[in-house]
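# Understanding the architecture of this molecule
Residue-level listing of the chains:
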Amino acid sequence: MLTIGIDIGTSAVKLLVMNESGQVIRTVSREYPLYMYNDGRSEQNPKDWWDETAAGLKEITQGLEPIAAVSFSGQMHGLVALDEHDNVLRPAILWNDQRTQAQCDYLNNVIGREKLLANAANIALTGFTAPKILWMRDNERHLFDKIHKVMLPKDYIAYKLTGVFATDYSDASGTLLLDVARKDWSDTLLEIMGLTRAQVPALYHSYQAIGTVTPKAADETGLPVAAKVVIGGGDQAVGAIGTGTVKSGTCSVSLGTSGVLFVAADDFAVDTGPSAIHSFCHATGQYHLMGVTLAAAGSAKWWYEGILETSDYEKEQAAMANNIGKNNVYYLPYLSGERTPHNDPLARGVFAGMSMTTTRSDMTQAVMEGVAFSLRDILSRVKDLGHTVTAARIIGGGAKSPVWCQIIADVLHLKVEKINATEGPAFGAAILAMVGAGAFGTVEEACDKLIRATDVYIPNQPAAESYDRHYPIYTGLYAALVGSFKAMSQVQ
């Protein structure tokens, strides 16, 4: 049996074909335009997603046996609005679009955080879908009044393949329209947005098939009409499937440009504090908690390439192996503001603790440690919500560094594992397609068979204890500087 995982990303669609043994047979990536503007708008044309996905499917299936099922990972939060004739009303407003601050202020301060947390388990952020809907209502009423269907990016592709208007719980969690605890649309929030249930998709688990490929879509994509279309999920949840982060208490750490700490959980929990820990449904059918630090590997890239003007990361880290836990330089990784736990767009990057003896290597190590401390901020909040975390699987560009993996193991007091699967969300989507096609009974069963640890980093006790002493100093720096960050933003 062959399945295809389709990752609808921000810069490209990535497709892979996988067999039941987890072997990746073929991969294809096709780029499409991203339109970003100086005023913070970020948009894409859904037609571009479809055109490149269809072309990618034709390319990737050439000469292969018939595909049994396809599934998706999708960039989250994007607003796709269709009229009664299924025409796209306007370019999709993406997850990184910043135009909706006024709508977020209205939702958080007028509707109120308590009502949002009670109905959606999350507060309003500019990335979420609901503020985008309000923006259309406030600024494009002539288009808002024509909305017949509201959907998310991957769901548009699923709709083009099947004609079925559907989404999954994990992706719907990021709309601020889903009652995450009850796994149903919130009538209260739909009313606030001016929407009805007829305008939002039917809800499925990420591993469920919503239909099969239509004859028209089969002609455009090369897929067989018998191929099942499994709805898939949001990129973070499906990416976690691709790492095997499915059992309650396991977590994944993604060291991409931003850093994500994702914790699988059997039980629902909501963060009522200001820290912006997301409480979402997982692609397994359970729940997850997630926090984001905005400049993880992005901090490393800035430091190595922008400041040190080198791309030889390994050489810069050579002196660190014997210095883990012994550094007295601190770094706040807030180059792009911070999401978790401060939810502060005005925060900025800081070095502290330098002396006349501070070396280049000390400052380089501080960058890596600062990112690890920011991940500990997230993990600490997850633990405060009553969850026990037992292990972490690490992915992303930063995971290529053994030193950084060890630092994270020591700072988080967790066993950290690298794994055999490196394709991320597209691999997770192919696993969901396997489950939806019946090759495995559950997502957990599939992950147990297909994903295994390769390298393991165990916390070094002396270093871990040293980081325990450093961590309160790190957290105190933000508390001491938060007023200065605000003042900096006001200086012309």
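Keep in mind that what you see is a predicted model, and the values were worked out from it rather than measured.

Attention now moves to the overall build of the protein. A tally of helices and strands in the protein yields 16 helices and 25 strands. Taken over the C-alpha trace, the protein has a radius of gyration of 22 Å; the compact-globule value for 492 residues is 23 Å, and the two agree within 12%. For the protein, the spread of C-alpha atoms along the principal axes amounts to about 70 × 50 × 40 Å. A burial count over the protein gives 60% of its 492 residues as buried. Total accessible area computed for the protein in this model is approximately 19000 Å², and 49% of it derives from carbon and sulfur atoms.

Strand pairing in a sheet relies on backbone hydrogen bonds. The paired strands run either parallel or antiparallel. Strand order in this open sheet of three strands is β4-β5-β8, and the pairing throughout is antiparallel. Strands at the two margins of the open sheet, each flanked by one partner only, are β4 (35-36) and β8 (92-93). With two bridges connecting them, strand β5 (residues 42-44) and β8 associate as antiparallel partners. By the bridge assignment, glutamate 43 is partnered in β8 with isoleucine 93.

Turning to helix α5 (residues 153-162), a few remarks are in order. The buried fraction of α5 amounts to nine of the 10 residues, a majority that puts the element mostly inside the structure. Taken together, the buried positions of α5 are Pro153, Lys154, Asp155, Tyr156, Ile157, Ala158, Tyr159, Leu161 and Thr162. After α5 finishes, the residue glycine 163 shows a positive phi value of roughly 75 degrees.

Definitions and cut-offs
- Residues numbered from 1 in each chain as written.
- Predicted model: local features only at pLDDT ≥ 70, side-chain atom pairs only at ≥ 80, totals over all residues.
- Heavy atoms only, no water.
- Helix = DSSP H or I, 4+ residues; strand = E, 2+ residues; numbered from the N terminus.
- Rg over C-alpha atoms; globule rule 2.2 N^0.38 Å.
- Buried < 20%, exposed > 50% of the residue type's maximum accessible area, 1.4 Å probe, protein only.
- Areas by Shrake-Rupley, 256 points an atom, 1.4 Å probe, with all protein chains shown as cover.
- Pairing = 2+ DSSP bridges.

Shape is all these values report; function is a separate question.
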